[in-house]
Amino acid sequence: MQARTHRKKPSLKRQLSAAFHTVLLTGFASSLTLTSAVTAYAEESQVFDFQLPAGTLGDALNTLARQSAISLTFDAAQVKGKSVPALKKQLTRDQALQQLLKDTGLQARPANGAVIIVPRPVTQHTDTLPEVAVQASRSHSPSDLPEVFAGGQVAKASRMGIMGNVDIFKTPFSTQSFTEEFALDQQARRLADIVAVDPSVRSAMAEYGDSETYHIRGFPLFTNQVGINGLYGMTELRRIAPDFYERVDVLKGPASMLNGSSPFGVTGGNINLVSKRAGDTPLNRFTASYISDSQFGGHLDLGRRFGEDNAWGVRLNALAREGDTPISRQSDRMYIGSLAVDYRGEKLTASFDLASQDRLTKGYSANIQYNPGFALPRAPQNDKNFVNDWEFFKGDSHYWMTKIEYEFNPALTAYINYGQAKGNEEYFYAGATARVLVNSAGNFTAGVGGYRGYYEVDTYEVGLRGQMQLGSVSNNYALTYTDFDRTAGGLTVRGANYTGNIYQSPNLPKPTVNYGAIPQNGDLQLHSVGLVNTFGFLEDNLLLTLGARHQSLYSGIFTSGVKTNAYDESKVTPTAALLAKLGNYSVYGNYSEGLSQGSVAPNTAANAGESLPPFVAKQQEVGVKYNAGTFGVTAAVFQITQPSTFTNAARRLVADGEQRNRGLELSTFGQPFSGVRLLGGVTFIDPEQTKTLNGVNDGKDAVGVPKVSVVINAEYDMFAIPGLTLTGRISSFGEAQADVANTQSIPGWTTFDAGARYATQISGNKVTFRANIMNLANKDYWNSVSRSFITMGAPRTALISATIDF
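An account of the accompanying structure is given in this report. (Residues numbered from 1 in each chain as written. Predicted model: local features only at pLDDT ≥ 70, side-chain atom pairs only at ≥ 80, totals over all residues. Heavy atoms only, no water.)

**Overview of the nonpolar core**
Ranked by size, the top nonpolar core spans 55 residues in total, and within it F178, L191, Y214, I271, L273 and Y399 carry the most contacts. Each residue touching I271, except ones within four places of it in the same chain, is listed here: L191, V195, Y214, I216, L221, V226, G227, V248, D249 and V250. Grouped together as the second largest cluster of nonpolar side chains are 34 residues, Y427, Y429, A446 and V493 included. (Core = buried A, V, L, I, M, F, W, Y, C linked by side-chain atoms within 4.5 Å. Buried < 20%, exposed > 50% of the residue type's maximum accessible area, 1.4 Å probe, protein only. Contact = heavy atoms within 4.5 Å.)

**Side note on empty space enclosed by the protein**
In this approach the atoms are scanned with a rolling probe the size of a water molecule, which exposes any empty space left behind. Under the criterion given, the structure shown has 13 cavities of 30 Å³ or more. In this structure, the largest cavity encloses a volume near 460 Å³. Lining the largest cavity are 26 residues, with R190, A196, E207, W749 and Y781 sitting closest to its centre. When residues of the lining of the largest cavity are traced back to their parent elements, those giving at least two are α7 (192–195), β11 (201–203), β37 (724–733) and β40 (749–762). Of the residues that constitute the lining of the largest cavity, the class distribution is 10 nonpolar, nine polar and seven charged. In this model, the second largest cavity occupies a volume close to 360 Å³. Forming the walls of the second largest cavity are 26 residues, and the residues nearest its centre are L184, Q187, A188, D243 and H299. The greatest single-element share of the lining of the second largest cavity, amounting to five residues, is contributed by strand β17 (residues 283–291). Classifying every residue of the lining of the second largest cavity by side-chain character gives 10 nonpolar, eight polar and eight charged. (1 Å grid on protein atoms, 1.4 Å probe; cavity = no way out; pocket = protein on both sides within 12 Å on 5 of 7 lines; lining within 4 Å. Points joined across faces, edges and corners; volume = space filled by probe spheres on them. Helix = DSSP H or I, 4+ residues; strand = E, 2+ residues; numbered from the N terminus. Nonpolar A, V, L, I, M, F, W, Y, C, P; charged D, E, K, R; others polar.)

**Side note on the pattern of salt bridges**
In the structure shown here, the tally under the stated rule is 39 salt bridges. The partner of E207 in a salt bridge is R189, with the nearest N and O atoms 2.8 Å apart. Here the residue E207 occupies a position in the loop between β11 and β12 (213–216), and R189 occupies one in the loop between α6 (180–185) and α7, the gap between them amounting to 18 residues. The two residues E207 and R189 agree in class, both being buried. (Salt bridge = Lys/Arg side-chain N within 4 Å of Asp/Glu carboxyl O.)

**Observations regarding the environment of E569**
Tracing the backbone through its elements, the reader meets E569 in strand β30 (residues 562–582). Along the sequence, E569 and Y554 sit 15 residues apart, while their C-alpha atoms lie 6.5 Å from each other. Other than its neighbours up to four places away in sequence, E569 contacts Q551, S552, L553, L595 and P614.

**Topic: the packing of helix α3 (residues 57–68) against helix α5 (residues 93–101)**
For any two helices packed against each other, the geometry is given by the interaxial angle and the distance between the axes. Running from N to C, α3 and α5 cross one another at 175 degrees; their axes reach a closest spacing of 11 Å. The pairing of α3 with α5 is recorded here as roughly antiparallel in orientation. Touching L57, A60, L61, L64 and S68 of α3 are R93, A96, L97, L100 and L101, all from α5. Of the residues in the contact of α3 with α5, the class split is eight nonpolar, one polar and one charged. (Axes fitted to C-alpha atoms, helices over the stretch in contact; angles between N-to-C directions. Parallel < 35°, antiparallel > 145°, perpendicular 65-115°, else oblique.)

**Examining the pairing of β12**
Side chains T213 and H215 project from β12 onto one buried face, and the interleaved Y214 and I216 project onto a second face that is buried too. Across three bridges, β11 lies against β12 in antiparallel orientation. Along β12, the bridge assignment pairs R202 with H215. Relative to strand β13 (residues 219–222), β12 runs antiparallel, the two sharing four bridges. Pairing of Y214 across the sheet is with L221, part of β13. Connecting β12 to the antiparallel partner β13 that follows it, the hairpin turn spans two residues, and R217 within it adopts a positive phi of roughly 55 degrees. (Pairing = 2+ DSSP bridges.)

**A look at the environment of T634**
With respect to the helices, strands and loops of the structure, T634 is situated in strand β33 (residues 631–647). C-alpha separation for the pair T634 and S586, spaced 48 residues apart in sequence, amounts to 9.2 Å. Sequence-distant contacts of T634, defined by excluding residues within four places in its chain, comprise V624, K625, E665, L666, S667 and F669. Reaching out from T634, the side chain makes a polar contact with the side chain of S667 at a distance of 2.4 Å. (Polar contact = N/O pair within 3.5 Å; in protein donor to acceptor, adjacent residues only side chain to side chain.)

**Considering α3**
With 12 residues, α3 should reach 16 Å at 1.5 Å per residue; the first-to-last C-alpha distance of 16 Å fits that figure. Turning to α3, its buried residues number three or more, namely L57, G58, A60, L61, T63, L64, A65 and S68. Within two residues after α3, A69 carries a phi angle of roughly 55 degrees, on the positive side. (Expected span 1.5 Å × (residues − 1).)

**Here's the deal with the packing of aromatic side chains**
Geometry of an aromatic ring pair is reported as the spacing of the ring centres plus the angle between the planes. In total, this model carries 22 aromatic pairs according to the counting rule given. Consider the rings of Y460 and Y481, whose centres lie 6.1 Å apart with planes at 45 degrees: the pair is tilted. Residue Y460 is found in strand β26 (residues 443–470), and its partner Y481 is found in strand β27 (residues 473–501); the two are separated by 21 residues along the sequence. Using a relative accessible area of 27% as the deciding quantity, one classes Y460 as partly exposed. On the basis of relative accessible area, Y481 is assigned to the partly exposed category, the value being 28%. An aromatic cluster is present here, built from Y364, F393, Y427, Y429 and Y451 joined pairwise through their rings. Over the ring of Y415 we find K403, and its NZ or CZ is 5.2 Å from the ring centre. A cation sits over an aromatic face here: R452 above Y515, 3.8 Å from the ring centre. (Phe/Tyr/Trp six-rings, centres within 6.5 Å; stacked < 30°, edge-to-face > 60°. Lys NZ or Arg CZ within 6 Å of the ring centre and 35° of its normal.)

**So, the sheet that holds β12**
Spatial ordering of the open sheet is given by β11-β12-β13, a layout of three strands whose pairing is antiparallel. At either end of the open sheet lies a strand with only one pairing partner, and these are β11 and β13. Each strand of the sheet is rotated relative to its neighbour by a mean of 30 degrees, with strand direction disregarded.

These results come straight from atomic positions and should not be treated as a statement about function.
Shown next as structure tokens:
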């Protein structure tokens, strides 16, 4: 195949593209006011089939908000101790609110497309004084779980690192927080099933591959870079089960100022998971599930609160799932369990989390590398496996963490967050020296081998934060110190080489390999001190955030288990951001930096395990957010730069030049019309290489980043059949380059998903049936290209489940 000659884009094309994007964004934003007015009129008289069980007023209001897709806010202290009878009838939203709030001393008041619950005015006689009830209550904390946004799929606020939870419309960054309800309705089996609804966050690995990797704004984020309750290193090395967590927070950009230094660095963005906590209403929930071809599972979720004012809470989760996947010669087994205990007092809050995950995948979908000089072959049938059934990945991971927080007063809250984690993993595979495509016909070479490894993590964070008023300027500050220590070891053993073909690969006899002692190959130490403050001007309609974090990074370099050298770097990384509230609009801009450990060569590289030097990533971003009350729309323009890495012809991971991703994001969430929920958007990225050696590849596209990504997830409630909801998703990604010279690529692809769920009552218990078909047309495609290997797409897959609350 003749190599393609790179040509610079004509300046006219750039101008037309920029003009098109500007017109698109302007027109999109301008139509929102009209849409909001039409929406309000359509919803005013909408009748809903409410199914509210008897219980606390707070739970009833939250359920009403979810079932009628309204943004509803109330003070927990005002509804505390109030209970309401069951409400199961067809009413308008206003009628339902009136019935719930009857005899409570509260009333509903509309405000900017939302509803606020406030005390009802008291009519006083001139000769008597009203009775005044004084009750101490715990004030709202930035650590409290945010309320859900209209539609129930995302939350009203997300975690902003050391600043705690911040309203998404008061956040000068691009953020999103996905809810437990959304994960349950998606029948999510892995974290990628949740975050992939964001077109700027995509899964770069095969559905049943050995691991997960997420690309945020075109840069990779690995599973061990995902945080849990603000701490890094707690997650499983290869695949994260979402069943422990009730929030998935996504923060885009290299915001290490806010989150601290992550192991192996964060460039495109950060993901933080929030552990499940027991609610005030007792929870007894069991989900039975089926995944094609023959995977069966059960998930038990129990929650209780007890003690005075329900101060103590316990949440228990246990899941088992096992069976054959839709891919030939492949099976998957997952056992997980978690225990969460928490205490919430007037001033003191505390929590303890314990979790364990055990996984075994046989015949897993392997990544495949490729030599240069030919067009990459078409994707094989996605339900056919070129991997042998005796190849496997197995891993176990365990963590515990505890957090204590005490509010002395609104101006001073102190906390400590501590955690430990450890895990083991083992591969036995016929691609220990990498399956490498050698031609367009799909022929490959490979080598049999195995790998065993381990890791141990010890980490903590201590900090202070608070709110204070200095004259007319509000201040929200946070001061933190973080410490992270990780040791790891690994050993790869190799056997005989062989050849095969991705379209016709017979199941080979199982070989044997012998392991020796596992040497240490990692010693990572991260320390940082950070200070940030948000200044509020003009009654908090203008918010200025300034911060800096001093980061220190030490990374040992090992040869045959002996530390021979180390990287020892430190850097002050700043963050500056400004947000202006203009009615329902929020306009913002930010600049942020992050110090990261250099990329680590994968096991399939000739320099496997080698760490490249640390680097600093930088981001500039401007954006606008619109809050229509029941739905939101955001737009952001960004630029991120970091050193560019790729695997060269000698199969070594090396750095060359810089990768500069410039992009435009348009996204929406919430319920724009009664019974209609939308989540997703479109992302345009120009992934350009700059500062390459001798300028050879300057201006060419970076590897693995589609220029256009579209994901739209939609739901529609069938009012003619109460309880029935139809669901669907379209996922579309453009072509992605596979080498730095842009002579090889994988084509773009589009898939469609469809499903339905039905909520009903059986013997007084709420039961929800769910059915989803992924990749409805059973399209064969290469899912992604990353670090010089390509991954397979997922075949048509059926997911069926039944959930009962008993």
